[in-house]
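# Structure at a glance
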Amino acid sequence: MTTTVEKNGRHAEVCGAGFAGLTAAAALARRGWTVRVHEKGARLREQGAGIVLWHNSLKVLKAIDAYDAAMADSMTPPWYETRHQHTSVSHEDFGGMPWRTMTRPHLHKVLLDTARQAGVEIRTGSEVVAADPRGSVTLASGEVLTADLVVGADGVRSQVRDSIGFAQERWKSRDGIFRFLVPRAREELGAGEWDNVIDFWNLEPRYLRVLYVPCNERELYIALGAPRADEQATRAPIDLDLWTGAFPELAPVLRHTHAATDPRYYGYQTTYLEEWSRGVVGLVGDAAHAMCPALAQGAGCAMANAYTLAVAATEAERDGIAEALREWERWERPITDRCQRRSADYAANRGMARGNQFTIENLETALYDPTNPHRHALAINPG
Ligand SMILES: Cc1cc2nc3c(=O)[nH]c(=O)nc-3n(C[C@H](O)[C@H](O)[C@H](O)COP(=O)(O)OP(=O)(O)OC[C@H]3O[C@@H](n4cnc5c(N)ncnc54)[C@H](O)[C@@H]3O)c2cc1C
């Protein structure tokens, strides 16, 4: 079913069908834009396993009419628990703030369906090789397409960003992660609080971490963290003896990781740009602000910024879109910058192992409501 919206005569080309691109596309189409999304992959699919979404991105899902579908196959665990050297050091419930766990394929499908229902055209096998700040994209096929707005949502290796030459810093942190979706296997795990998110940290005798995230009744996301320098712990397929030796209580679920077809170790990347827009090209998501997943806010910030960009571009006069993008960055960027910095600090010092990590300061991004039109009224002018 396609939602009918009065067209506003504006057109957007969106590069990348990840969480950021699909959110921007749906939000623009619901505001009357014609929107085409380019995905370089031959198929539309989300890599990775599970995800934690917080109040900020749940608000965006509501605003683009994707919330009910996202809720359908997801859950809110009773607690976010942290265990350090096998001892439980904290149980956090964020004082009632909404949060949700789900699989990444589920969220991706929900956003895809939402974008399509809003009338978005999605092209697969369509690689964008360059963008022009005056409003065009060039595809690998040589085709050049013009637009009132170009959204660069093509991830951490963004060609939109690099073809324009945005000044940037990019670096990898010392730790990285394997991600798996496995069966919950509750009976095999035995008695315990297995509905919680559980962040298992072992810093001694070596750094090994397992993030245990139930996503629904059937599926469990487990992320196995190790330093990039640890050859044994970063080898694929995983060394089951090593991991079950370090986390014997998780042996029943760790065993299922061997069914994964393409187990891969990912280093965390950070991208920090001098600016997020040039002319009518706006960058969102990992293209603009990839961050370490310490506070689980990469996709949250991506979706929030994609949504607010769509609103800002719609509210601008047609010849004022470039200026509107600069204003959008001026207002929306500081909270993402702070989240990125805190995430980088936690990744560097592994401080989350101490538990009680979600202080009010660390929940700032999660608590933000990008859909509240009055959200800046009380904020200090960021410029
Ligand atoms: C281990 C780990 C755990 C994480 N956990 C969380 C979490 O719990 N919560 C959270 O909020 N965030 C989390 N994140 C961060 C989050 O996954 C990312 O920030 C988010 O997925 C970024 O979305 P994106 O759409 O910007 O980029 P991507 O997901 O990378 O999507 C980019 C899309 O563009 C396509 N593309 C690339 N180049 C081109 C091109 N030239 N032309 C056309 N298409 C192109 C790609 O194929 C892809 O489909 C985690 C990250 C990691 C590494």
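Residues numbered from 1 in each chain as written. Predicted model: local features only at pLDDT ≥ 70, side-chain atom pairs only at ≥ 80, totals over all residues. Heavy atoms only, no water.

### Brief notes about the state of the cysteines
By the definition in use, this model includes zero disulfides. A disulfide-free cysteine, C292 has its sulfur positioned 10 Å from the sulfur of C339, the nearest such atom. Take C292: its relative accessible area is 2%, and that puts it in the buried class. Summary of cysteine pairing: C339 is not part of a disulfide, and the nearest cysteine sulfur, belonging to C301, is at 4.3 Å. Taking the relative accessible area as the measure of exposure, C339 reaches 1% and is therefore buried. (Disulfide = S-S within 2.5 Å. Buried < 20%, exposed > 50% of the residue type's maximum accessible area, 1.4 Å probe, protein only.)

### Some remarks on the sheet that holds strand β11 (residues 149–152)
What links the strands of a sheet is backbone hydrogen bonding, and the strands pair in either a parallel or an antiparallel sense. Strands sit in the order β7-β2-β1-β11-β18-β17 across an open sheet of six strands; the sheet is mixed. Edge positions in the sheet fall to β7 (121–123) and β17 (277–278), since each has one partner strand and no second. Relative to strand β18 (residues 281–283), β17 is paired through two bridges, and the arrangement is antiparallel. Looking at the pairing, S277 lines up with G282 of β18. (Pairing = 2+ DSSP bridges. Helix = DSSP H or I, 4+ residues; strand = E, 2+ residues; numbered from the N terminus.)

### Let's talk about unusual backbone geometry
In this chain, E204 is followed by P205 through a cis amide linkage whose omega measures 0 degrees. The amide bond that connects A236 to the next residue, P237, takes the cis arrangement and shows omega of -5 degrees. Summarising the element assignment, P237 is placed in the loop between β15 (219–227) and α7 (240–246). Of note, A296 is a non-glycine position whose phi angle comes to about 50 degrees, a positive value. Position of A296 among the secondary structure elements: in the loop between α9 (286–289) and α10 (298–315).

### So, the layout of surface pockets
Size it by volume and the second largest pocket reaches roughly 470 Å³. Taken together, 19 residues form the lining of the second largest pocket, with G48, R179, A260, T261 and D262 sitting closest to its centre. If you tally residues by element for the lining of the second largest pocket, the top one is strand β12 (residues 168–183), at four residues. The class makeup of the residues in the lining of the second largest pocket is nine nonpolar, five polar and five charged. (1 Å grid on protein atoms, 1.4 Å probe; cavity = no way out; pocket = protein on both sides within 12 Å on 5 of 7 lines; lining within 4 Å. Points joined across faces, edges and corners; volume = space filled by probe spheres on them. Nonpolar A, V, L, I, M, F, W, Y, C, P; charged D, E, K, R; others polar.)

### Some points on the packing of helix α2 (residues 55–63) against α10
Taken N-terminus to C-terminus, the directions of α2 and α10 make an angle of 40 degrees; their axes are 8 Å apart at the nearest point. As summarised for this structure, α2 and α10 are arranged oblique, according to the angle between their axes. Note on packing geometry: the crossing formed by α2 with α10 is left-handed. Here N56, S57, V60, L61 and A63 of α2 come into contact with α10, specifically with G300, C301, M303, A304 and Y307. Looking at side-chain class alone, the contact of α2 with α10 contains seven nonpolar, three polar and no charged residues. (Axes fitted to C-alpha atoms, helices over the stretch in contact; angles between N-to-C directions. Parallel < 35°, antiparallel > 145°, perpendicular 65-115°, else oblique. Left-handed = near helix turned anticlockwise from the far one by under 90°. Contact = heavy atoms within 4.5 Å.)

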